[in-house]
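These are the residues of each chain, in order.
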Amino acid sequence: MTASGWYLGFLCKECSTALPVERCDKGAADTGARPIAIGAWEIRCPACGLVDHYGGGGKPMTRILVEKKDNHT
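Residues take numbers from 1 onward in each chain, read along the sequence in its written order. Totals for whole chains, interfaces and linings use all residues, but because this is a predicted model, local features are given only for residues with pLDDT of at least 70 and pairs of side-chain atoms are given and counted only at 80 or more. Side-chain measures were taken over the full set of non-hydrogen atoms in the model, leaving aside hydrogen atoms and water.

*Asks:* Just checking my understanding: could you explain the pairing of strand 5 (residues 51-55) for this structure?
*Replies:* Working note: regular strand, side chains alternate between the two faces of the sheet. Two strands are counted as paired when DSSP detects at least two bridges linking them. Working definition: helices are DSSP H or I runs of at least four residues, strands are E runs of at least two. Numbering for both runs from the N terminus. As judged from the five bridges shared by strand 4 (residues 40-44) and strand 5, these two strands associate in the antiparallel manner. In the sheet register, Glu42 faces strand 5, and the bridge partner there is His53. The hairpin turn running from strand 4 into strand 5, its antiparallel successor, is six residues long, and Gly49 in that turn takes a positive phi close to 85°.

*Asks:* Hey, could you run me through the environment of Lys13 in this one?
*Replies:* Tracing the backbone shows Lys13 in the loop between strand 1 (5-11) and strand 2 (18-23). Take Lys13: its relative accessible area is 52%, and that puts it in the exposed class. In this structure, the C-alpha to C-alpha distance between Lys13 and Asp52, residues 39 residues apart in sequence, is 8.0 Å. Think of a polar contact as two N or O atoms within 3.5 Å of one another; within protein, one of them needs to be a possible hydrogen donor and the other a possible acceptor, and neighboring residues in sequence only count if both atoms come from side chains. Looking at Lys13, its side chain comes within polar contact range of the main-chain oxygen of His53, at 2.7 Å. For the exposure calls, accessible area comes from a 1.4 Å probe over protein chains only, and a residue counts as buried if that area is under 20% of its type's maximum, exposed if over 50%, partly exposed in between.

This is the structure in structure tokens:
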């Protein structure tokens, strides 16, 4: 699970789910994104399962806020 904070990343090309890649408020974090070239990433969307390539001269990264969700029932 991705820790709360600000990240740079992309929106899923299929379902528009936020795909955080690089932590931009503290330091590097493991988000599951895999670099495939300088500035390019292969990412599996956790919502719809689409595996696609992002960046690498295509759509620029966007800033994404990941917030902690409470699981109260």
